[in-house]
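Here are the chains, one letter per residue:
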Amino acid sequence: ARPWTAKPKRETIAGSGPPSLLELCTDAIAQHLHTIPFVGEVLPHHILKEVLDRRKNQNMTDTDVPLLLSTTFEVVPPTQVDYLSFKNCHKVTSDGIKVVFDNCPALTSLDLSFCELIGDDALKGLSQRCPGLRELDLTGCRLVTDEGCKHLGILKHLAGLRLELCNKVTDMGVQAVVRGTGPSLRELNVGDVRQMTNISVQIIADHCTNLTSLSIAGNMQATDMDVADVCKKCLGMQSLNLRACRRLTDGCLKPISAMLRGQHRRGIPALRALDLGGCGRLTDDALCNMLPLCSSLTLLDLRGCRNLTQRSRDLVDKYCPHMSELTFPKLDPPTQ
């Protein structure tokens with residue numbers, strides 16, 4: 001299975017070059033996948049996986065799911081299929097996806113992001129049929145509720161869970177998951193879960209002490225004290241997304257600094273990605289005090305932090321030698 005790791009955003013440049021022959025061929029095969037017989041006997045496994053990733057999932061329906069499985073089974077026996085992606089399968093329903101769980105009991109990684117017709121019934125079947133699941137992406141699955149989260153709480157090997165944009169999930173659902181799977185979780189994304197309050201952030205800190213990646217982006221109730229709880233208890237944190245947590249102030253940078261100091265002192269992997277975009281209350285002085293500890297950072301997002309100056313921008317260059325992705329607010333030109 002793919003390792004469940006934070007994947008920072010990459011910018012793509014329009015017109016950066018024509019597609020390669022391999023890309024054109026895989027796109028063509030992906031478009032007509034279910035009309036090509038014995039494709040699994042012709043293509044190498046790594047090419048077939050690329051084809052499946054490029055498939056136009058938007059048009060897939062419940063009746064297409066068994067066809068996808070039969071194509072997959074031509075290469076990998078059902079008992080050995082450990083990863084499947086149904087990303088953007090807008091027309092696949094909970095009933096349609098259940099055939100996957102019935103036939104792939106060894107699944108460890110499943111991407112259901114933006115499957116808008118998949119809800120709690122599917123998660124019930126998933127938890128019963130695939131007890132070894134380690135990675136689950138439910139981003140944008142708007143039918144998932146607290147009831148579905150309760151089923152996920154029995155997955156004791158779950159290491160990565162993305163619930164971003166699941167707006168029917170409340171504190172009860174988030175807490176059911178983290179209380180059940182907390183020790184095993186390494187990555188948790190509850191960004192823009194609008195009905196989740198800062199109480200759940202505290203529960204996450206208490207139960208998910210092995211987290212290496214956390215997103216609470218868009219949580220309008222999260223406070224500096226909540227960030228302090230996370231930083232104090234999750235010492236292995238390598239990716240922290242606090243974007244648009246608008247109540248945060250300079251006080252949240254102090255526990256982040258303390259966490260970085262502790263990581264460096266212990267010689268353990270330190271924070272690499274920090275998203276503070278939209279945290280408009282942060283000041284230049286507070287950020288400058290933290291930056292000397294940020295030598296491990298490779299990604300820093302500060303968009304919308306209007307109080308920053310050229311001084312903090314210069315300190316990023318000085319103290320962050322590994323920085324590869326920096327988003328900094330536009331600075332006013334120097335006065336003459």
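Shown above is the structure to which this text applies.
Thresholds, definitions, all that
- Here the residue numbering is sequential within each chain, running from 1 through the sequence in written order.
- In view of the model being predicted, local features appear only for residues whose pLDDT reaches at least 70, and side-chain atom pairs are presented and counted only at 80 or more, with totals across whole chains, interfaces and linings using the full set of residues.
- Side-chain figures throughout are based on the complete set of non-hydrogen atoms in the structure, without hydrogens or water.
- Labels follow the DSSP assignment, with helices taken as runs of H or I lasting at least four residues and strands as runs of E lasting at least two, numbered in each case from the N terminus.
- Between buried and exposed lies partly exposed: a residue is buried under 20% and exposed over 50% of the maximum accessible area for its type, with that area taken using a 1.4 Å probe on protein chains only.
- Throughout, a contact is declared for two residues whenever any of their heavy atoms are within 4.5 Å.
- All accessible-area figures derive from a Shrake-Rupley calculation using a 1.4 Å probe, and residue coverage is judged against the displayed protein chains alone.
- Comment: axis = line fitted to C-alpha atoms, over the contacting stretch for helices; angle = value between 0 and 180 degrees taken between N-to-C directions.
- Orientation is classified from the angle alone, with under 35 degrees giving roughly parallel, over 145 giving roughly antiparallel, 65 to 115 giving roughly perpendicular, and any other angle giving oblique.
- Amino acids outside the nonpolar list (Ala, Val, Leu, Ile, Met, Phe, Trp, Tyr, Cys, Pro) and the charged list (Asp, Glu, Lys, Arg) are all regarded as polar, and Gly is one of them.
- Strands qualify as paired when DSSP identifies two bridges or more between them.
- Counted as salt bridges are all cases of a side-chain nitrogen of Lys or Arg within 4 Å of a carboxyl oxygen of Asp or Glu.
- We define the nonpolar core as a collection of buried residues of types Ala, Val, Leu, Ile, Met, Phe, Trp, Tyr and Cys that are connected through side-chain atoms lying within 4.5 Å of one another.
- Our working definition of a disulfide is a cysteine sulfur pair at a distance within 2.5 Å.

(A) Here's a closer look at the overall build of the chain. When helices and strands are tallied, the chain shows 13 helices and 10 strands. Counting across all 336 residues of the chain, residues that qualify as buried make up 51%. Residue pairs in contact within the chain that sit at least 24 positions apart in sequence constitute 78% of those at least 6 positions apart. When the accessible area of the chain is evaluated, it comes to approximately 16,200 Å², of which 53% is carbon and sulfur surface.

(B) Region of the structure containing the packing of helix 9 (residues 198–207) against helix 10 (residues 224–233). Direction vectors running N to C along helix 9 and helix 10 enclose 10°, while the axes themselves pass 8 Å from each other. If you check the angle between helix 9 and helix 10, you find them roughly parallel. Within the contact between the two elements, helix 9 uses N198, V201, Q202, A205 and D206 and helix 10 uses D226, D229, V230 and K233. Tallied by class, the residues present in the contact of helix 9 with helix 10 amount to 3 nonpolar, 2 polar and 4 charged.

(C) The arrangement of the sheet that holds strand 2 (residues 109–111) in detail. Spatially, 10 strands are ordered 1-2-3-4-5-6-7-8-9-10 in an open sheet, and the strand pairing comes out parallel. Because the sheet does not close on itself, it has two edges, and the strands there are strand 1 (83–85) and strand 10 (325–327). Each strand of the sheet is rotated relative to its neighbour by a mean of 5°, with strand direction disregarded. Pairing of strand 3 (residues 135–137) with strand 4 (residues 160–162), which is carried by 3 bridges, proceeds in the parallel orientation. Note that in strand 4 the partner of E135 across the bridge is G160.

(D) Summary view of the pattern of salt bridges. Counting across every chain of the model gives 13 salt bridges. Residue R162 is joined to E187 by a salt bridge in which the shortest nitrogen-to-oxygen separation is 3.0 Å. With R162 in strand 4 and E187 in strand 5 (residues 187–189), this pair connects stretches of sequence that are 25 residues apart. Take R162: its relative accessible area is 19%, and that puts it in the buried class. Among the residues examined, E187 registers a relative accessible area of 5% and is labelled buried.

(E) View of the environment of T170. Checked against the element boundaries, T170 lands in the loop between strand 4 and helix 8 (171–181). Here T170 falls in the buried class, since its relative accessible area comes to 18%. Sequence separation between T170 and V193 is 23 residues; the distance between their C-alpha atoms is 7.5 Å. Those residues in contact with T170 that lie beyond four places of it in its chain are D146 and Q195.

(F) Representation of the nonpolar core. Counting 90 residues, the largest nonpolar core has F86 and I256 as the members making the most contacts within it. Leaving out residues up to four positions away in the same chain, I256 has contacts with V227, C231, L240, L242, L271, L274 and M290. Core analysis: the next-biggest nonpolar cluster, separate from the first, contains 5 residues, A30, I47, L48 and V51 among them.

(G) Seen up close, the side chain of S184. Among the secondary structure elements, S184 is positioned in the loop between helix 8 and strand 5. Overall, the relative accessible area of 16% leaves S184 in the buried class. S184 has contacts with K156, H157, L158 and A159, leaving out every residue within four places of it along the chain.

(H) Highlighting unusual backbone geometry. Non-glycine residue F114 carries a positive phi angle of around 65°. Within the secondary structure, F114 is located in the loop between strand 2 and helix 6 (120–129). Look at F114 and you get partly exposed, because its relative accessible area is 27%. At L165, a position not held by glycine, the phi torsion is positive, near 70°. Relative to the assigned elements, L165 resides in the loop between strand 4 and helix 8.

(I) Summary view of helix 9. Buried residues of helix 9: N198, S200, V201, I203, I204 and A205, and no others. Along its buried surface, helix 9 packs onto helix 8, strand 5, strand 6 (213–215) and helix 10.

(J) Quick peek at the state of the cysteines. The final tally for this structure, using the stated rule, is 0 disulfides. Not engaged in a disulfide, the cysteine C149 finds its nearest cysteine sulfur in C166; these two sulfurs lie 7.2 Å apart. A residue is classified by how much of its surface remains accessible, and C149, at 0% relative accessible area, is buried.

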